[in-house]
Each structure stands twice: as C-alpha cells, then as structure tokens.
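Survey of secondary and tertiary structure
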Amino acid sequence: MKKNKLFILPGWGEQTDDQGPVKSHYRELIKAVSKKYDVIPIEFYAGNEHYSLGSKKSLDDILTGVAEKLLFGTATGHTILGFSIGALLSYFMAFRFSFKKTLICSMSPFLSSDVDLYSKKELSSFTLNQIKGLRGAEYSDLILKTRMSFFWGEKEQELLKRRSAYLGGLPSGRGFEIKGAGHKIEGDYLKAVVKELLK
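Analysis parameters
- Residues numbered from 1 in each chain as written.
- Predicted model: local features only at pLDDT ≥ 70, side-chain atom pairs only at ≥ 80, totals over all residues.
- Heavy atoms only, no water.
- Buried < 20%, exposed > 50% of the residue type's maximum accessible area, 1.4 Å probe, protein only.
- Helix = DSSP H or I, 4+ residues; strand = E, 2+ residues; numbered from the N terminus.
- Contact = heavy atoms within 4.5 Å.
- Core = buried A, V, L, I, M, F, W, Y, C linked by side-chain atoms within 4.5 Å.
- Salt bridge = Lys/Arg side-chain N within 4 Å of Asp/Glu carboxyl O.
- Pairing = 2+ DSSP bridges.
- Phe/Tyr/Trp six-rings, centres within 6.5 Å; stacked < 30°, edge-to-face > 60°.
- pLDDT = per-residue confidence, 0-100.

Take helix H5 (residues 158–168) next. Leu159, Leu160, Lys161, Ser164, Leu167 and Gly168 are the residues of H5 that are buried. Summarising the contacts, the buried residues of H5 are in contact with helix H3 (85–93), strand S5 (148–153) and strand S6 (173–178).

In summary, soluble globular proteins display a tendency toward joint burial of nonpolar side chains. In this structure, Leu70, Tyr91, Phe92, Met93, Met107, Phe110 and Leu111 are the most contacted members of the largest nonpolar core, which totals 39 residues. Contributing elements (two or more residues each) for this core: strand S1 (4–9), helix H2 (59–72), H3, helix H4 (128–135), S5 and H5. At 7 residues, the largest contribution of residues to this core is made by H3. If near-sequence neighbours (up to four positions away) are discounted, Phe110 is found in contact with Ile85, Leu88, Val115, Tyr118, Leu123, Phe126, Leu134 and Tyr139.

It is worth spelling out unusual backbone geometry at this point. Phi angles above zero are rare outside glycine, and Ser106 is one such case at about 50 degrees. Even without a glycine there, the phi angle at Ser112 is positive, about 55 degrees. If you trace the backbone, Ser112 turns up in the loop between strand S4 (101–105) and H4.

For the structure shown, the criterion picks out 7 salt bridges. A salt bridge links Asp116 to Arg135; the nearest nitrogen and oxygen atoms lie 2.9 Å apart. A residue pair is termed long-range when its members are at least 10 positions apart, and Asp116 in the loop between S4 and H4 and Arg135 in helix H4 qualify at 19 residues. Of the residues examined, Asp116 reaches a relative accessible area of 46% and is grouped as partly exposed. Taking relative accessible area as the criterion, Arg135 reaches 38% and is therefore assigned partly exposed. When salt bridges that share partners are traced, they join Arg174, Glu196 and Lys199 into one network.

Moving on, we get to the side chain of Thr102. Within the secondary structure, Thr102 is located in strand S4. Owing to a relative accessible area of 2%, Thr102 belongs among the buried residues under this scheme. What Thr102 contacts, discounting residues up to four positions off in sequence, is Ile80, Ala94, Thr146, Arg147, Met148 and Ser149.

For the rest of this paragraph, the subject is the pairing of S4. Most of S4 is tucked away, with 5 of its 5 residues classed as buried. Neither face of S4 is exposed, since Lys101, Leu103 and Cys105 on one face and Thr102 and Ile104 on the opposite face are all buried. Sheet topology note: the strand S3 (residues 79–83)/S4 ladder contains 5 bridges and is parallel. Counted as the bridge partner of Thr79 is Lys101 from S4. Strand direction decides the pairing type here: S4 and S5, joined by 4 bridges, are parallel. In the sheet register, Cys105 faces S5, and the bridge partner there is Phe151.

All told, the structure shown has 7 aromatic pairs when counted by the stated rule. What links up through ring pairs into an aromatic cluster is the set Tyr91, Phe92, Phe95 and Phe150.

A word on the environment of Ile80. If you trace the backbone, Ile80 turns up in strand S3. Each C-alpha atom, one on Ile80 and one on Phe99, is 7.0 Å from the other, the two residues being 19 residues apart in sequence.

This prediction gives the protein a mean pLDDT of 84; 82% of its residues lie at or above 70. When pLDDT is averaged over each helix and strand of the protein, the minimum, 79, is found for H2 and the maximum, 97, for helix H6 (residues 188–197). Confidence drops under pLDDT 50 across residues 18–22; counting only partners more than four residues distant or on other chains, this segment forms 8 contacts. Long-range and interchain partners of residues 45–51, a stretch whose pLDDT sits below 50, account for 21 contacts in this model, where long-range means more than four residues apart.

Pasting the structure below:
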C-alpha cells in the first residue's frame, strides 16, 4: 500500500536524521508513524542557506524555498508537522497547499506586533529584513479547506500558549494543551501528536 508523505519541519537548530545532532523525540515520532508515512524532513539548522531563518535570505525567499521543497514532494493531499520555528513556517505553508493534515506544535509567536514583545537578544537569529517580514504578517482567521491542529505544552511561554489557543479555537482550527508539558515533543506531548497522525 502506498504511504502518505509526512513533512516534518523541526525547531531552530534541530535535525531529524543521522547527518546532525538527532533529537531522540524525532526518532521516536518517526518510528511510531513509519508504517503509515514516508517521512520527509525539511530542516532549519544554521548554515542551511536554503530554508534557515538564520540565513540572510528574506522571509519571502525562505517561504518560497520551503514551498519548492514541498512541491518537489508533491505536498498536496499529504501531511505536514512543524515544531516551534518549523511550526511557524508550516503555518504559512497551510495557506499555500491543501494538506490532508496540518499539525502545528508549539508555534513561535513571532507574527505581527508580537515580534516587538521580544528583546534584540531573543531576535538575534533573525536579520532586520526577516523581522520586518514577520512584523508585516498576520495571524489569519481564514477558514481553510484543511483544519489545523495546534498543540502546546501547559508549561510553555504564556504568549505562545495564548496565541496557540486562539488559533486552535478558530473555525479552521483545533487546540490541544498537553498537561505538564514544556517546549519539546516528548512524553504525553509525543503521544498526543502520534495519536493525531495515526487517525
């Protein structure tokens, strides 16, 4: 039986395969869903000039690069999962492609005026041009063809939790707060994500 594709966009500095500092929770996630999905990681580690927010590319250029990678994997009708910065970029991609499922995990709340709530040190990984692009983007209340499932941990940053709950409460969203969880897909957080992927 032909498998669906699962595109994983991990967080800043994270990698999912054996080419870099593999995070054990990604190994566990991939193993848990491997019978159903062919997993295609799109990574954002420093030095990845194609997709990284740490590169000197503009936000629009980075989004175009991600979209081209997804198109190469024929994204429409498949599934995308993003975590942290990867979740933010997955959120943008959900407005470009008709995914079968979209899982937005602990999305970094760096859009619109929220970006101004962070210090220069916290935004030091971004260029001024990228920050301008994030400031000009909005949290959309558009009703999508495919629902987005938002996940976040009970112990995460308050702004992240508030934005995730808001987006998860929209007509095109669903929200899942994971009790006792922090900013990492592990434990009960991992179980909730795997459960949603295997539905």
